[in-house]
Amino acid sequence: MEHRNHTVVTEFILLGLTQNHEVQMTLFFFFLLFYMVILPGNILIILTIRGDPQLGSPMYFFLANLAFLDICYCSVTPPKMLADFFSDHKTISYSACIAQLFFLHFLGAAEAFLLMVMAYDRYAAICKPLHYSRLVNRRVCCVLVGATWSGGFIHGIVLFGLSIHLPLCGPSILDSFFCDVHQLVKLACANTYLVELLMFLNNGVVIVMCFTVLLISYTVLLLKLRTQSSKAKNKVASTCVSHIIVVFVMFGPAMYIYGLSFQVVPMEKFVAVFHTVIFPLTNPMIYTLRNKEIKSSMWRLLSKYTLRCGKF
């Protein structure tokens, strides 16, 4: 990179979602209500799967991990965003900004890789039913989940390394409610072509490739269902449809934001809210609402604790 004179940036000013105070208060109560309903729902999914021996199959093991990943992912940007709704001077330190960027991409990539693992699980269950217990046993499940976290960490650390070497110029203003690579690159006072290219390859290309592989995988699985019995076909189709919905919900906004190689994207902040706040928490709920086994197990768990509380 070709450097020019630049100042040391110690903090950034966040412009947030809006400057209108009434709109900020409306958004605050909306997001707070959303979290008060959906976040406990995700925790309940994890507790239900861990507490019910009937939900010991790999599919539910991966679903519990997805719920945990989504809870972690939604702990990166929303707390700061909610606090900033009450602040007239929204700032974030340089170190906090870089940490936010790292964890956002680390957890986001881990979730993308986990969705690919879940697609492999469905492929083994549908196309290799006789070998399923060998292909997706507990040890394999743990290795695959560990690989998703490791892949996410590598993805995040690459972006972290590229970001901390950007020479930044003033004014240190980010037109967003969180820190991301797009905003930091815009503040760089150097030729960032190589950095932008590397970031695009690490973000946009990986996202599009994962989405394409997942789409092809589920298309093949749905075509394979033609050979199944009617009862099995309905059950498996319901599961696959839930997976496909989550794939579009997650990868659609991600491709919109990161797939255009640092171009100015219309409504980027609006799409980013859904990508970082709304959709991640709803992903496990989409799976759950279409699954009779886990819904009945959740009701049993709630009933058991309700009866216990009633005795005291």
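Residues numbered from 1 in each chain as written. Predicted model: local features only at pLDDT ≥ 70, side-chain atom pairs only at ≥ 80, totals over all residues. Heavy atoms only, no water.

Draft legend 1. Here's a closer look at the overall build of the protein chain. Looking only at helices and strands, the protein chain has 11 helices and three strands in total. Along the protein chain, from the amino end to the carboxyl end, the secondary structure elements read β-α-α-α-β-α-α-α-β-α-α-α-α-α. Residues classed as buried in the protein chain amount to 49% of the 312 residues present. Put simply, 81% of the contacts in the protein chain that link residues at least 6 apart link residues at least 24 apart. If you sum the accessible surface of the protein chain, you get close to 15800 Å²; carbon and sulfur atoms cover 68% of it. (Helix = DSSP H or I, 4+ residues; strand = E, 2+ residues; numbered from the N terminus. Buried < 20%, exposed > 50% of the residue type's maximum accessible area, 1.4 Å probe, protein only. Contact = heavy atoms within 4.5 Å. Areas by Shrake-Rupley, 256 points an atom, 1.4 Å probe, with all protein chains shown as cover.)

Draft legend 2. Inspection of the packing of helix α2 (residues 58-73) against helix α10 (residues 268-289) at higher detail. The contact between α2 and α10 brings their axes to 9 Å, and the two run at 160°. Considered as vectors, α2 and α10 are oriented roughly antiparallel to each other. Once α2 is placed against α10, the crossing between them reads as left-handed. Side by side, α2 and α10 meet where L63, L66, A67, D70 and Y73 of the first sit next to H275, T276, P280, L281, N283, P284 and Y287 of the second. (Axes fitted to C-alpha atoms, helices over the stretch in contact; angles between N-to-C directions. Parallel < 35°, antiparallel > 145°, perpendicular 65-115°, else oblique. Left-handed = near helix turned anticlockwise from the far one by under 90°.)

Draft legend 3. Structural view of the pattern of salt bridges. Enumeration according to the criterion identifies four salt bridges in this entry. Close ionic contact of D121 with R122 constitutes a salt bridge, the shortest N to O distance being 2.9 Å. (Salt bridge = Lys/Arg side-chain N within 4 Å of Asp/Glu carboxyl O.)

Draft legend 4. How the structure looks around the sheet that holds strand β1 (residues 11-14). On the basis of which strands lie adjacent, the open sheet formed by three strands has the order β2-β1-β3 and mixed pairing. Taken across any chain shown, the strands that pair with only one partner, and hence form the sheet edges, are β2 (91-93) and β3 (173-174). The pairing of β1 with β3 spans two bridges and is parallel. Counterpart to I13 in the pairing with β3 is I173. Each of β1, β2 and β3 touches helix α4 (residues 94-127); the most contacted strand, β2, lies at about 85° to it. (Pairing = 2+ DSSP bridges.)

Draft legend 5. Quick peek at the state of the cysteines. Tallied over the full model, the rule gives one disulfide. Covalent S-S linkage joins C97 and C179, the inter-sulfur distance amounting to 2.1 Å. Handedness here is read from the sign of the S-S torsion; for C97 and C179, about -120°, the answer is left-handed. With C97 in helix α4 and C179 in the loop between β3 and α7 (181-187), the pair connects residues that are 82 residues apart, well separated along the chain. Not engaged in a disulfide, the cysteine C74 finds its nearest cysteine sulfur in C72; these two sulfurs lie 9.7 Å apart. (Disulfide = S-S within 2.5 Å.)

Draft legend 6. Inspection of the nonpolar core at higher detail. The biggest cluster of nonpolar side chains holds 95 residues, and the ones touching the most others in it are F12, F62, L115 and F251. Considering every element that reaches this core, the biggest residue donor is α4, with 16 residues. Beyond its immediate sequence surroundings of up to four residues, L115 is in contact with L66, L214, Y218, V246, M250, F251 and Y287. (Core = buried A, V, L, I, M, F, W, Y, C linked by side-chain atoms within 4.5 Å.)

Draft legend 7. Examining the packing of aromatic side chains more closely. Enumeration according to the criterion identifies 20 aromatic pairs in this entry. Each ring, one from F34 and one from Y35, has its centre 6.1 Å from the other, and the planes form 75°; the classification is edge-to-face. Aromatic ring contacts, followed pair by pair, group F68, F102, F103, F106, W149, F153 and F160 into a single cluster. Here the basic side chain of R138 rests over the ring of F61, its NZ or CZ set 4.6 Å away from the ring centre. (Phe/Tyr/Trp six-rings, centres within 6.5 Å; stacked < 30°, edge-to-face > 60°. Lys NZ or Arg CZ within 6 Å of the ring centre and 35° of its normal.)

Draft legend 8. Layout of the pairing of β1. What you see with β1 is a clean split: F12 and L14 sit on the buried side and E11 and I13 on the side with no burial. Two elements, β1 and β2, share three bridges in a ladder whose sense is antiparallel. If you follow I13 over to β2, its bridge partner there is T91.

Draft legend 9. Molecular detail of a nonpolar patch on the surface. The grouping of F29, L32, L33, M36 and V37 at the surface amounts to a nonpolar patch, some 520 Å² of accessible area in total. Looking at where F29 falls in the secondary structure, it is placed in helix α1 (residues 21-51). (Patch = residues over 30% accessible without salt bridge, like charges linked within 9 Å, V, L, I, M, F, W, Y side chains within 5 Å.)

Draft legend 10. Representation of the confidence of the model for the protein chain within the structure. Across the protein chain, the average pLDDT comes to 83, with 89% of residues at 70 or higher. The secondary structure element of the protein chain with the lowest average pLDDT is helix α11 (residues 292-311), at 73, and the one with the highest is helix α6 (residues 138-164), at 93. (pLDDT = per-residue confidence, 0-100.)

Draft legend 11. Structural view of the environment of Y120. You can see Y120 is positioned in helix α4. For Y120, a relative accessible area of 31% translates into the label partly exposed. Spatially, the C-alpha atoms of Y120 and V136 are 9.0 Å apart, while their sequence positions differ by 16 residues. A polar atom in the side chain of Y120 sits 3.5 Å from the backbone oxygen of L135. (Polar contact = N/O pair within 3.5 Å; in protein donor to acceptor, adjacent residues only side chain to side chain.)

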